[in-house]
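Chains, contacts and geometry: an overview
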Amino acid sequence: MNTHSVAPPNPDLLNYVLRQGDTPLILAQRLCEWCGHAPELEIDLALSNIGLDLLGQSRHFLSYAATLYGMDFDEDRLAFGRDEREFRNLLLVEQPNGGFNDTLVRQFFIDAYHVLLHQALGQSRDPQLAAISTKSLKEVEYHLRFSRGWVIRLGDGTVLSREKIQQSVNQLWRFTGELFHCDEVEQRLAEAGIAVDPRTLYEPWLQIINETFAQATLQIPQETPYRQGGKQGLHTEHLGYMLAEMQYLQRTYPNCNW
């Protein structure tokens, strides 16, 4: 499906709403891959529940995006009918699960960002965006408590657990810059009071990271984050493989119903 063949009335708003829906959708898919494979039953349940929370958030945003498209669009068509280049999620969330340490650090970085994003987006002049973010805030605050607690526990744990967490931080840090990159779409919408200028979230996000790492005895990498492009549809090689699995049923049996 080529969604670009349909011209929405407000392409900037549609683009922005898709970004907010695609990021939790892809992260939910990643987290649910842990089902039955996590190191502890409690963690297995926690990651699955967080994934379901994120899936619910994605449904709200994608349903809103579908109304902006009009025509015959719905949340399912947007989730399962678009190609890789049509997705607008952050690169960070499409990275493989790796070990529990990798999943945990990825989750902590995005959770801290999501809390700040939804706090700010709850003040949007767009009533639908404001309502979705206000509803999502309690969930992402819980997500942050979970991931932050585990980062501290493992970072300040054994020598081995600290080494593994630090390795994950070093590996994933390169993707964090995209969270705060502001392109023309976001700038125009932010000036109109609809979107959040992501640059304003960087300092409070970094404060959360610094405070957590101080307790976890972890170090922020010296490397400047440089990977970006997901919000413009330019993804890493991992997203295509994920979508092939996620979209298989709808691609094989279009419009199937249970």
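Sequence order as written defines the numbering, with residues in each chain counted from 1. Residue-level local features of this predicted model are given only where pLDDT is at least 70; pairs of side-chain atoms are given and counted only at 80 or more, and the full residue set underlies all totals for whole chains, interfaces and linings. Each side-chain value is worked out from all heavy atoms of the structure, with water and hydrogens disregarded.

Under an unreviewed UniProt entry, the name given to the protein chain is Phenylacetate-CoA oxygenase subunit PaaC, and the organism recorded is Xenorhabdus aichiensis.

1. Structural notes on the confidence of the model for the protein chain
The condition is simple: Predictor confidence is given residue by residue as pLDDT, running from a minimum of 0 to a maximum of 100. We count a stretch as a helix when DSSP gives it H or I for four or more residues in a row; a strand needs E for two or more, and each element gets its number in order from the N terminus.
Per-residue pLDDT for the protein chain averages 92, and the proportion of residues at 70 or more is 95%. Between the elements of the protein chain, mean pLDDT differs from a low of 83, seen in helix α10 (residues 248–252), to a high of 98, seen in helix α8 (residues 202–216).

2. Here's the deal with the packing of aromatic side chains
So the rule is basically this: In this analysis, rings of Phe, Tyr and Trp, with Trp reduced to its six-membered ring, are considered paired at centre separations within 6.5 Å, and the interplanar angle assigns stacked below 30 degrees, edge-to-face beyond 60, and tilted for intermediate values. Burial classes: relative accessible area under 20% of the type maximum marks a residue as buried, over 50% as exposed, and values in between as partly exposed (1.4 Å probe, protein chains only). Any Lys NZ or Arg CZ that is within 6 Å of a ring centre and within 35 degrees of that ring's normal is treated as a charge sitting over the ring.
Under the defined criterion, the tally for this structure stands at twelve aromatic pairs. Seen in terms of ring centroids, tyrosine 69 and phenylalanine 73 are 4.2 Å apart; in terms of plane orientation they differ by 15 degrees. Their pairing is stacked. Each of the two residues, tyrosine 69 as well as phenylalanine 73, counts as buried. Ring geometry for phenylalanine 109 and tryptophan 173: centres 5.7 Å apart, planes at 70 degrees, overall edge-to-face. Of this pair, phenylalanine 109 sits in helix α4 (residues 100–121) while tryptophan 173 is found in the loop between α6 (159–172) and α7 (184–191), placing the two residues 64 residues apart along the sequence. With respect to burial, phenylalanine 109 and tryptophan 173 carry one shared label: buried. Among the aromatic residues, ring-to-ring pairing joins Phe108, Phe109, Tyr113, Trp173, Phe180, Tyr202, Trp205 and Phe213 into one connected group. Between the NZ or CZ atom of arginine 77 and the centre of the ring of phenylalanine 73, over which it lies, the distance is 4.0 Å.

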